[in-house]
Amino acid sequence: MTEAAVCPVHQDRDHPLRPPVGFQEAVSDGPVRMLWPNGVEAWMVSSYAGVRQVLSDPRFSTRKGGQPEMRTDAGEAVLDPDQPGNINGIDGPEHMRLRRPLSRGFMVKRMNELRPRIQQIVDEHLDVMEAKGAPADLVASLCLPLPSLVIAELLGVPPEHQELFQATAGDLFGKNGSKDEYLAHATKLAEVLAPIVAAKKAAGTNDDMIGLMANDTDFSMDELIFLCIGLLAAGHETTSNFLGLFTLHLFEQPDQLEVLRRDPGRADVVVEELLRYTVGHLGGPGLTRRATEDVEVDGVLIRAGEWVSVSLMANLDEALCPRADELDLERDAVSHLGFGFGPHQCLGANLARAELQIGLRTLFERFPNLRPAVPVTEMRYRNDMITYGAAEIPVVW
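For clarity, every value in this text was computed on a predicted model and none was experimentally measured. What you see as residue numbers is a count from 1 along each chain, following the sequence as written. In view of the model being predicted, local features appear only for residues whose pLDDT reaches at least 70, and side-chain atom pairs are presented and counted only at 80 or more, with totals across whole chains, interfaces and linings using the full set of residues. By convention in this description, side-chain values take in all heavy atoms of the structure and omit both hydrogens and water.

## Observations regarding the environment of Gln53
Next, step 1: The numbering of helices and of strands both runs from the N terminus, where a helix is a DSSP run of H or I of at least 4 residues and a strand a run of E of at least 2. You can see Gln53 is positioned in helix α2 (residues 48-56).
Next, step 2: In this scheme, a residue with accessible area under 20% of its type's maximum is buried, one over 50% is exposed, and one in between is partly exposed, where area comes from a 1.4 Å probe on protein chains only. In this structure Gln53 comes out as partly exposed when scored by relative accessible area, which is 23%.
Next, step 3: Not counting residues up to four positions away in its chain, the partners in contact with Gln53 are Phe60, Val295, Glu296, Val297 and Asp298. Contact between two residues is taken to exist if any of their heavy atoms lie within 4.5 Å; hydrogens are not considered.

If you want it as structure tokens, here you go:
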């Protein structure tokens, strides 16, 4: 085994919207060996074709993977693959037994039905932001509450519990906590969810996600509760950070912001390009798998039992599109990897798209002169979450 390079970590950025220093150069000739901060050694795959292969090939197991960043120094996984409902830690038929019923709740038709409610939530929060006046924190005013409220309503969480879910979901997916801290946050949510699930099961209703899972599936109570926690946490963090980062990229590239302002009807295509570009510039290691047998990727033999981590800098691969390192909002949408790929591709991609399209378009329609109150480089960013993002975005208009 060759000596591993040092894997750059999130806080080693020389600009908050660019990849970690040295990461792109380190992986450009990949697959290469990398060393995680906790001492776990892994192959890093960063080509568009290679990432698609790793994420879709059943010989790369997510059960034997898990996020090395979410492991203790001893290599103990924070999320146990045998935890009932751990949909991201299982493969094959076992994975599909959980995923297939959930996917019904995220179909395009259902997401389109949600659009008027998403628009209402966006409008209400921007009304409050405008009434309070500038300067305002866009993260607190819109980016955080929008996806949290939408996923809570989609699941069927009563309004009186939604604030608790929003606060606890943020703690749940922090990277720096111990396994005991993670379990404490999950237990707190489970204690609130259990009676909600029981009530919907007793009522026999299936007009929301919890009701559907409680009454139209063979999920155990433990599986159902953990799936709800996972959906709440995922819906809280990723879309929130993307909406904030999209806005910051547009602030930094006013010529591209002008494209959206000139034709807000293109918000769907604009969001796809921002997803490709933003996820690509997050850099760093991403989803992790473990080979169950010897597999060749991009001309390199990966042995059974070795860790493999993919970098979604694959979105900046020229094989995907020309001038891939540039943001071009007039570009036609391409098959980017912003939501992953393969059997574990993001379940909530259609929901996230609806929230991002409506949120971004409405924000710049309502506030055509929206601009940062301080330089982007002076804002605070969060390196302690699974998805990198802005802690606050002070704006004026």
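## Points about the environment of Ala352
Next, step 1: One can find Ala352 in helix α13 (residues 349-366).
Next, step 2: Classification of Ala352 as buried rests on a relative accessible area of 6%.
Next, step 3: Here Ala352 is in contact with Thr239 and Phe339, once residues within four sequence places are set aside.

## Thoughts on the side chain of Glu223
Next, step 1: Structurally, Glu223 is set in helix α10 (residues 221-252).
Next, step 2: Judged by its relative accessible area of 12%, Glu223 is buried.
Next, step 3: Not counting chain neighbours up to four residues away, the residues in contact with Glu223 comprise Pro84, Gly85, Arg97, Leu98 and Asp218.

## What to know about helix α3 (residues 92-104)
Because each turn of an α-helix spans 3.6 residues, side chains separated by three or four positions in sequence point in the same direction.
Next, step 1: Residue count minus one, scaled by 1.5 Å, sets the expected span of a helix. Here α3 spans 18 Å end to end across 13 residues, near enough to the 18 Å set by a 1.5 Å rise per residue.
Next, step 2: If you check which residues of α3 are buried, you get His95, Leu98, Arg99, Pro101 and Leu102.
Next, step 3: On its buried face, α3 is in contact with α9 (209-215) and α10.

## What to know about the nonpolar core
A general feature of soluble globular proteins is that nonpolar side chains tend to end up buried together.
Next, step 1: Leu155 and Leu248 are the most contacted members of the largest nonpolar core, which has 105 residues in total.
Next, step 2: Residue contributions to this core peak at 15 residues, all from α10.
Next, step 3: The contact partners of Leu248, leaving out residues within four places of it in the chain, are Leu17, Val376, Met379, Tyr381, Ala390 and Ile393.
Next, step 4: In this structure, Phe23, Val27, Met44 and Met313 belong to the second largest nonpolar core, which totals seven residues. The criterion is simple. A nonpolar core is a set of buried Ala, Val, Leu, Ile, Met, Phe, Trp, Tyr and Cys residues joined through side-chain atoms within 4.5 Å.

## Overview of the sheet that holds strand β10 (residues 371-372)
Next, step 1: Read across the open sheet, the three strands follow the order β5-β13-β10; overall the sheet is antiparallel. Strands at the two margins of the open sheet, each flanked by one partner only, are β5 (136-137) and β10.
Next, step 2: A pair of strands is considered paired only if DSSP assigns at least 2 bridges between the two. Pairing analysis gives two bridges linking β10 to strand β13 (residues 394-396), with the strands arranged antiparallel. By the bridge assignment for β13, Arg371 is matched with Val396.

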